[in-house]
There are 2 protein chains.
Amino acid sequence: MSNAPAAANALDVLEHLSRHAEPLPAASIARDLGLPRSSVYHLLKVLHGRGYVTHYVEERRFGLGQAAYELGSAYQRQAPLARVARAAMRRLVDQCGRNAHFATLDGRDVIYLLEERAPGQPMLVTDVGVRLPAHLTASGLAMLSALPATQVRALYPDRASFVQRSGGGGPRSLAELRSILARTRADGHAREEGTVTPDLSSVAVPVLDRGGRPLAAVALTLRTADASSEHVGDLVARARVAAEDVGRRLSPSAVMTRR
Amino acid sequence: MSNAPAAANALDVLEHLSRHAEPLPAASIARDLGLPRSSVYHLLKVLHGRGYVTHYVEERRFGLGQAAYELGSAYQRQAPLARVARAAMRRLVDQCGRNAHFATLDGRDVIYLLEERAPGQPMLVTDVGVRLPAHLTASGLAMLSALPATQVRALYPDRASFVQRSGGGGPRSLAELRSILARTRADGHAREEGTVTPDLSSVAVPVLDRGGRPLAAVALTLRTADASSEHVGDLVARARVAAEDVGRRLSPSAVMTRR
DNA sequence: CGCCGTCGTCTCGCATCCGAGACAATTGTG
DNA sequence: CACAATTGTCTCGGATGCGAGACGACGGCG
């Protein structure tokens, strides 16, 4: 049993409030969390005093407060994903001799947060900050494959959602996308051949948080001509190790990338 | 002295981390917060175990974690601004017999979160979810007037930032905008006459958080022909009471709207 | 209108947690 | 390489925080 139970209880209260769309009465917070009523009132007083909880007096309920939002904003400003991933991506590139990149999902786009170039390899188009349609990239497909089907449908409500590249390729409908994602899950990695850049392929694996949701993806790039099955298998295994390492650092007790 | 000091200390640690762009060593957290080293390690262990803190082992530093971001997202999902403001806005409309709306700032836009229509008053164009350029609206000007000058400059870096309405009106440069904002601060309220809708004027006051930053604005609409000085003064006073009420509910120890 | 249930605050005694300080491991420096 | 500084973990005893339960206020209901 760790120390500082009041700290853990305070987090319990915040997380309980965050799981509900509506504010909650104090008594139900106490009941749901199995905490004494007076203890919950003490915690709410502290959290309210600090702005983490809003007290809706007329409704006699409590909800999250502005300070919770500010913490979330501060987290984003620290850019932890790229920070945590940098060393692991450097090692991956050193081991594989291939270019690697690290990206996250934003709506239907992937955003590239990191790229590491191996000596002698061609320049990547995926500069940091660049956005590309998720369904046309290995990284995007890796992350989409880790989302619930309902969320994928919400992202791609109609055929107009499927932006095309001038050279063609990539799914044109939700049914096609689902089929690709099912194969991605079966293979344990996503693959893209020549859709982003002719003659170059990428393989990618997702980085999952402890709830199993995709935080990011790790991808390696190789010449399509070099992409034999054994070679791809080896790269995927190494990318997966890097992804698991990053996942562990970001989320204690993280669910590992899909095996 | 309130109870649950460990809860308060945990929040201190999180807020300390959120004030820094870079992760921090545990010893400097303890020193800066005046807490015992072993207590800080206990708290970091709990916060890390729950995902609120990321431990950068190689750097031997600690930063905010994914769970901080999730709290912030959950706060947004609960839509607390509109929830808190609804009753106060209803009362304001009942007292004044005028249409009222409640909006927040998003970049250079205002977004309308609430509108309350008074009986016999014309329909508003400011439907919930509508965005309008902040510098052309009373609500936007009220909130901009509460921002630091550097932040206003960052929002409006050049003349192209000043979107025009087809009927003209509104500032066209940063110097013009600053002049209007200075007058808004002097008056204690913002005023817009006919820029959004011909023959209709609005007066607005900002809702401030406890750090003095604008969270939202409360506005009342009236016919330009009715806008005598005494009448406007009365509406402004009532809008201010509503804004202060909302500010108090959102932020304990909130700084009141500017007097 | 009276009664009941709930909310929010408060008291106080005891069980538990906090924090001083020891220790091993690691890193930095001359 | 040796020494100093720092990190991170651990122990344990005394001080303090937690929580049972009382209480007043308020709202709902018959």
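Residues numbered from 1 in each chain as written. Chains lettered and ligands numbered in written order. Predicted model: local features only at pLDDT ≥ 70, side-chain atom pairs only at ≥ 80, totals over all residues. Heavy atoms only, no water.

### Considering the pairing of strand β2 (residues 61–64) of chain B
All names here are of chain B.
Turning to step 1, where the next piece is worked out: Across four bridges, the pairing between strand β1 (residues 53–56) and β2 is antiparallel. Across the sheet, residue tyrosine 56 finds its bridge partner in β2, namely arginine 61.
Turning to step 2, where the next piece is worked out: Hairpin connection from β1 to β2: four residues lie between these consecutive antiparallel strands, with arginine 60 at a positive phi of about 55°. (Pairing = 2+ DSSP bridges. Helix = DSSP H or I, 4+ residues; strand = E, 2+ residues; numbered from the N terminus.)

### Considerations on helix α2 (residues 26–33) of chain B
Turning to step 1, where the next piece is worked out: Every buried residue of α2(B) is accounted for by Ala26(B), Ser28(B), Ile29(B) and Ala30(B).
Turning to step 2, where the next piece is worked out: Once α2(B) finishes, Gly34(B) follows within two positions and takes phi at roughly 65°, a positive value. (Buried < 20%, exposed > 50% of the residue type's maximum accessible area, 1.4 Å probe, protein only.)

### A short note on the sheet that holds strand β3 (residues 99–106) of chain A
Residue and element names in this part refer to chain A.
Turning to step 1, where the next piece is worked out: Pairing in this open sheet of six strands is antiparallel, and the strands run β5-β4-β3-β8-β7-β6 from one edge to the other. The open sheet has two edge strands, β5 (131–133) and β6 (190–193), and neither has a second partner. Across the sheet, the mean angle from the axis of one strand to that of its neighbour is 30°, orientation sign disregarded.
Turning to step 2, where the next piece is worked out: Of the pairings in the sheet, the one linking strand β7 (residues 200–208) to strand β8 (residues 214–223) comprises nine bridges and is antiparallel in character. The residue of β8 that forms the bridge with serine 201 is leucine 222. (Axes fitted to C-alpha atoms, helices over the stretch in contact; angles between N-to-C directions.)

### Some words on the sheet that holds strand β6 (residues 190–193) of chain B
Note on sheets: strands pair through backbone hydrogen bonds, and any given pair is parallel or antiparallel.
Residue and element names in this part refer to chain B.
Turning to step 1, where the next piece is worked out: Taken in spatial order, the six strands of this open sheet run β5-β4-β3-β8-β7-β6, and their pairing is antiparallel. Taken across any chain shown, the strands that pair with only one partner, and hence form the sheet edges, are β5 (131–133) and β6. Within the sheet, the average angular offset between the axes of one strand and its neighbour, ignoring direction, is 30°.

### With respect to the relation of the copies chain B and chain A
Turning to step 1, where the next piece is worked out: Overlaying chain B with chain A gives an RMSD of 0.1 Å, the required rotation being 179° about an axis along which the chain moves by 0.1 Å. Viewed as a symmetry operation, the transformation between the two copies matches a two-fold axis.
Turning to step 2, where the next piece is worked out: Same-surface contact between copies: 100% of interface residues of chain B are shared with the interface of chain A. (Least-squares fit on C-alpha atoms with pLDDT ≥ 70 in both. Contact = heavy atoms within 4.5 Å.)

### Things to note about the pattern of salt bridges
Turning to step 1, where the next piece is worked out: Within the structure shown, the criterion is met by 20 salt bridges over all chains.
Turning to step 2, where the next piece is worked out: A salt bridge links Arg90(A) to Glu116(A); the nearest nitrogen and oxygen atoms lie 2.6 Å apart. Note that Arg90(A) is positioned in helix α5 (residues 80–96) and Glu116(A) in strand β4 (residues 109–116), a separation of 26 residues in sequence.
Turning to step 3, where the next piece is worked out: With relative accessibility at 32%, the residue Arg90(A) sits in the partly exposed group.
Turning to step 4, where the next piece is worked out: On the basis of relative accessible area, Glu116(A) is assigned to the buried category, the value being 11%.
Turning to step 5, where the next piece is worked out: Salt-bridge contacts for Asp209(A) lead to Arg213(A); the nearest nitrogen and oxygen are separated by 3.4 Å.
Turning to step 6, where the next piece is worked out: Overall, Arg213(A) belongs to the partly exposed group, its relative accessible area being 43%.
Turning to step 7, where the next piece is worked out: One continuous salt-bridge network, built from bridges that share partners, spans Asp12(A), Glu15(A) and Arg50(B). (Salt bridge = Lys/Arg side-chain N within 4 Å of Asp/Glu carboxyl O.)

### Focus on the side chain of Ser202(B)
Residue and element names in this part refer to chain B.
Turning to step 1, where the next piece is worked out: Positionally, serine 202 belongs in strand β7 (residues 200–208).
Turning to step 2, where the next piece is worked out: The exposure class of serine 202 is buried, given its relative accessible area of 7%.
Turning to step 3, where the next piece is worked out: Only 3.4 Å separates the side chain of serine 202 from the side chain of threonine 221, close enough to count as a polar contact.
Turning to step 4, where the next piece is worked out: Excluding residues within four positions of it along the chain, serine 202 makes contact with His101, Ala138, Ala190, Arg191, Glu192, Leu220 and Thr221. (Polar contact = N/O pair within 3.5 Å; in protein donor to acceptor, adjacent residues only side chain to side chain.)

### Some details on the interface of chain B and chain A
Turning to step 1, where the next piece is worked out: Taken together, the contacts link 54 residues of chain B with 54 residues of chain A.
Turning to step 2, where the next piece is worked out: Together, Arg50(B), Gln78(B) and Arg83(B) form the three largest contributors to the area buried by chain B at its contact with chain A, with a combined 14%.
Turning to step 3, where the next piece is worked out: Here chain B and chain A share eight salt bridges between them.
Turning to step 4, where the next piece is worked out: Note that Arg50(A) is salt-bridged to Glu15(B), the shortest N-O span being 3.3 Å.
Turning to step 5, where the next piece is worked out: The interface formed by chain B and chain A includes 18 residue pairs in polar contact (both at pLDDT 80 or more).
Turning to step 6, where the next piece is worked out: Of all the secondary-structure elements, those providing two or more residues to the side of chain B that touches chain A are α1 (5–18), α3 (37–49), β1, β2, α4 (66–77), α5 (80–96) and α9 (229–250) of chain B.
Turning to step 7, where the next piece is worked out: Split into classes, the residues belonging to the side of chain B that touches chain A amount to 26 nonpolar, 15 polar and 13 charged. (Buried area = accessible area lost by both parts, 1.4 Å probe. Nonpolar A, V, L, I, M, F, W, Y, C, P; charged D, E, K, R; others polar.)

### Topic: the nonpolar core
Turning to step 1, where the next piece is worked out: In this structure, Ile29(A), Leu44(A), Leu47(A), Ile29(B), Leu44(B) and Leu47(B) are the most contacted members of the largest nonpolar core, which totals 54 residues.
Turning to step 2, where the next piece is worked out: Excluding its chain neighbours within four sequence positions, the residues that come into contact with Leu47(A) are Ala10(A), Val13(A), Leu14(A), Tyr52(A), Val53(A) and Leu11(B). (Core = buried A, V, L, I, M, F, W, Y, C linked by side-chain atoms within 4.5 Å.)

### Considerations on the protein's contact with DNA strand C
Turning to step 1, where the next piece is worked out: For DNA strand C, the set of nearby residues contains 18 residues, the closest of which are Ala4(A), Ala27(A), Arg37(A), Tyr41(A) and Ser39(B).
Turning to step 2, where the next piece is worked out: Looking at DNA strand C alone, sugar and phosphate atoms form 64% of those within 4 Å of the protein.
Turning to step 3, where the next piece is worked out: Side-chain polar atom of His55(A) to a phosphate oxygen of DNA strand C: 3.3 Å apart, as the coordinates give it.
Turning to step 4, where the next piece is worked out: Among the secondary structure elements, those contributing two or more residues to the surface near DNA strand C are α3 (37–49) of chain A together with α3 of chain B.
Turning to step 5, where the next piece is worked out: Element by element, the count of residues in the surface near DNA strand C is highest for α3(B), at four residues.
Turning to step 6, where the next piece is worked out: Among the residues forming the surface near DNA strand C, the class breakdown is eight nonpolar, six polar and four charged. (Near = heavy atom within 4 Å.)

### Some remarks on unusual backbone geometry
All names here are of chain A.
Turning to step 1, where the next piece is worked out: With a phi close to 55°, arginine 60 is a non-glycine residue in the positive phi region.
Turning to step 2, where the next piece is worked out: Structurally, the position occupied by arginine 60 is in the loop between β1 (53–56) and β2 (61–64).
Turning to step 3, where the next piece is worked out: The class of arginine 60 is exposed, set by a relative accessible area of 66%.

### Points about the protein's contact with DNA strand D
Turning to step 1, where the next piece is worked out: Surveying the vicinity of DNA strand D reveals 18 residues, the closest of which are Ser39(A), Ala4(B), Ala27(B), Arg37(B) and Tyr41(B).
Turning to step 2, where the next piece is worked out: When atoms of DNA strand D within 4 Å of the protein are split into backbone and base, the sugar-phosphate part holds 63%.
Turning to step 3, where the next piece is worked out: Note that a phosphate oxygen of DNA strand D is positioned 2.5 Å from one of the side-chain N or O atoms of Ser39(A).
Turning to step 4, where the next piece is worked out: Within the side chain of Tyr41(B), a nitrogen or oxygen atom sits 3.0 Å from a phosphate oxygen of DNA strand D.
Turning to step 5, where the next piece is worked out: Taken together, the elements giving at least two residues each to the surface near DNA strand D come down to α3 of chain A together with α3 of chain B.
Turning to step 6, where the next piece is worked out: Sorting elements by how many residues they give to the surface near DNA strand D places α3(A) first, with four residues.
Turning to step 7, where the next piece is worked out: Counted by class, the surface near DNA strand D contains eight nonpolar, six polar and four charged residues.

### Side note on the domain arrangement of chain A
Turning to step 1, where the next piece is worked out: Each assigned domain of chain A is listed with its residue range as follows: domain 1 (5–74) and domain 2 (79–250).
Turning to step 2, where the next piece is worked out: Spacing between the C-alpha centres of domain 1 of chain A and domain 2 of chain A amounts to 38 Å. (Domains from an automatic or database assignment.)

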